[in-house]
Amino acid sequence: MRTPPKTDSEKMKKSLLFLIPATILFLLSISAVPVNALVVLDINSPDIRKAPIAVPYFMEKSHSEKVTNTGKDLALLLEKGLEFHGFLKAVPAASYGGGQDAQWEKIGVDFALLGQYTLTASGITLELRLLNVIEDKMVFGKKYSGELEKKEEMVLRFCDEVIKLLTGVEGISRSSIAFASTASGNKEIYIADVLGRSVRRVTRHNNMVISPRFSPSGRYLAYTSYHPGTPHLYVTDLWQDKTTRAISRRQGLNLAPAWAPDGKTMIITLSKDGNPDLYVIDMMGNVIRRLTENAGINVSPTWSPDGRSIAFVSDRSGKPHIYVMDMPTGHVTRLTFHGEENTEPSWSPDGESIAYSGRHNGSYQIFRISPSGGQPTQVTNSWGDHESPTWSPDSRQIAFVMNRKGDKKVYAVLKNGADERALFALKGEQSYPQWSPK
């Protein structure tokens, strides 16, 4: 049951909150409401409804009567960032005029996010608020100041803090996805933020480049390039543009790098001794340890977050399936037994699930399974082949390649199978996605 409409005096009292310095309001809200009490949304429920929210146009403090393009753009960015997480749904601002004095109860929202900004000689100051409409109170406020070109970063930082306040886990609107794309005519590596606002080309090998993998810090990107004629392994420093070096140029395959959680080593597939096997190498490319030896083809390693185990693909049983190796002992157990073949495992950052692409009823779908085994859960069920799963840094979503008759695009889906959608509208086909760390 919703609360009755507010009186004019109540509305005035709410508007006066904007006169309180944001840093003071932030301290008041935290001291009055314990952080754990603000976790109000259980997004792990399979039948969760999307909570309705309102993000009215941001106001310019010195011209509060005028709607500006900046105010509209910033509000729309915050709206997109919140909706990306899959459990919030914004009421379009145009439907109620976009004003910050709307009657939220009549609109039917649970939360309203109010923003105002001030342009200064040195940049911009943003003051942002989260209003719990049902309980009729401000629960969070934050003030940001910085260069004008940082305004979108400030908005998305607030977005991720709101998500943490509502669910207990920080949001991911500032994360990115690396992928291979044919936009240039060759398959090269690109990085795009998850909202599709900016796209950066990383490689210019003018050949086929595949399997990008972020280091745990997010600073480095490893990948395999065929530009020498055979697949070699490279690492690029993303903080120092165009700083790239070869890690492994051994004869045969140098494939699918998987960074260790500490960022000091990685596992790759090498065929230098004939059979494609898994090896641990250091960051100079030196082999430290051979993990598999002639037990079928062994590819696609992925580390557990604690570094004690890896999952990988092997056809040692006759068809490709997922196996788990205990790293201290080298003991290997088979993980998947369902389906015709199972490939491309990806261990979730929280350690609770392994996602993979499994062939089921003639097409590849995304599944997830406990690292201890058991019955897998089918995540996707739409037509086409669903390939190369990669987890979001909050372990709540899975990005993958949707392959429909050769048209490959990056999609994402919540881990419960809801909200499947294309992430980018970009030229060319996309493949081999890899979600960045936070």
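Residues numbered from 1 in each chain as written. Predicted model: local features only at pLDDT ≥ 70, side-chain atom pairs only at ≥ 80, totals over all residues. Heavy atoms only, no water.

(A) Inspection of the pattern of salt bridges at higher detail. Within the structure shown, the criterion is met by 21 salt bridges. Note that K89 and E83 form a salt bridge whose closest N and O atoms lie 3.9 Å from each other. Given a relative accessible area of 22%, E83 falls into the partly exposed group. We note a salt bridge from E153 to R157, for which the minimum N-O separation is 3.1 Å. (Salt bridge = Lys/Arg side-chain N within 4 Å of Asp/Glu carboxyl O. Buried < 20%, exposed > 50% of the residue type's maximum accessible area, 1.4 Å probe, protein only.)

(B) Seen up close, the confidence of the model for the chain. Confidence along the chain averages 89 in pLDDT terms, with 89% of residues attaining 70 or more. A low-confidence stretch, residues 1-37 stays under pLDDT 50, and its non-local contacts, those more than four residues away or across chains, total 45 contacts. (pLDDT = per-residue confidence, 0-100. Contact = heavy atoms within 4.5 Å.)

(C) Quick look at the sheet that holds strand β29 (residues 421-422). What the 4 strands build is an open sheet, ordered β26-β27-β28-β29; its pairing is antiparallel. In this open sheet, the two strands that pair with only one neighbour each are β26 (385-391) and β29. For strand β28 (residues 407-414) and β29, the ladder comprises 2 bridges, and the chain directions are antiparallel. When the sheet's bridge partners are listed, A412 is paired in β29 with R421. (Pairing = 2+ DSSP bridges. Helix = DSSP H or I, 4+ residues; strand = E, 2+ residues; numbered from the N terminus.)

(D) Layout of the environment of E135. Mapped onto the elements of the fold, E135 is located in the loop between β5 (123-132) and β6 (137-146). For the pair formed by E135 and F111, sequence separation is 24 residues and the distance between their alpha carbons is 9.6 Å.

(E) Local environment of the nonpolar core. Grouped together as the largest cluster of nonpolar side chains are 45 residues, with contacts concentrated most on F58, L78, L82, L113, L126 and L130. Among the elements that line this core, the one with the most residues is helix α5 (residues 151-167), at 9 residues. In this structure L82 touches I53, V55, L88, L113, C159, V162 and I163, once residues within four positions along its chain are discounted. (Core = buried A, V, L, I, M, F, W, Y, C linked by side-chain atoms within 4.5 Å.)

(F) Fine view of the packing of helix α3 (residues 69-84) against α5. Where α3 contacts α5, the axes come no closer than 9 Å and their chain directions differ by 35°. The handedness of the crossing between α3 and α5 is right-handed. For the pair formed by α3 and α5, the contact residues are L74, L77, L78, G81 and L82 on the first element and K151, E152, V155, L156, F158, C159, V162 and I163 on the second. For the contact of α3 with α5, the per-class residue count stands at 10 nonpolar, 1 polar and 2 charged. (Axes fitted to C-alpha atoms, helices over the stretch in contact; angles between N-to-C directions. Left-handed = near helix turned anticlockwise from the far one by under 90°. Nonpolar A, V, L, I, M, F, W, Y, C, P; charged D, E, K, R; others polar.)

(G) Just the sheet that holds strand β15 (residues 265-270), in detail. With antiparallel pairing, the 4 strands of this open sheet are ordered in space as β14-β15-β16-β17. Two strands in the sheet have a free side with no partner beyond their single neighbour: β14 (254-259) and β17 (287-290). Going across the sheet, the axis of each strand differs from the next one's by a mean of 30°, ignoring polarity. The sheet contact formed by β15 and strand β16 (residues 277-282) spans 6 bridges and is antiparallel. Paired with T265 across the strands is D282, a residue of β16.

(H) Inspection of the pairing of strand β24 (residues 363-369) at higher detail. Of all 7 residues that make up β24, 6 are buried, and the element is covered over most of its length. By the bridge criterion, 7 bridges tie strand β23 (residues 354-360) to β24 in an arrangement that is antiparallel. Along β24, the bridge assignment pairs S357 with I366. Sheet topology note: the β24/strand β25 (residues 377-378) ladder contains 2 bridges and is antiparallel. Within the sheet, the bridge partner assigned to F367 lies in β25 and is Q378.

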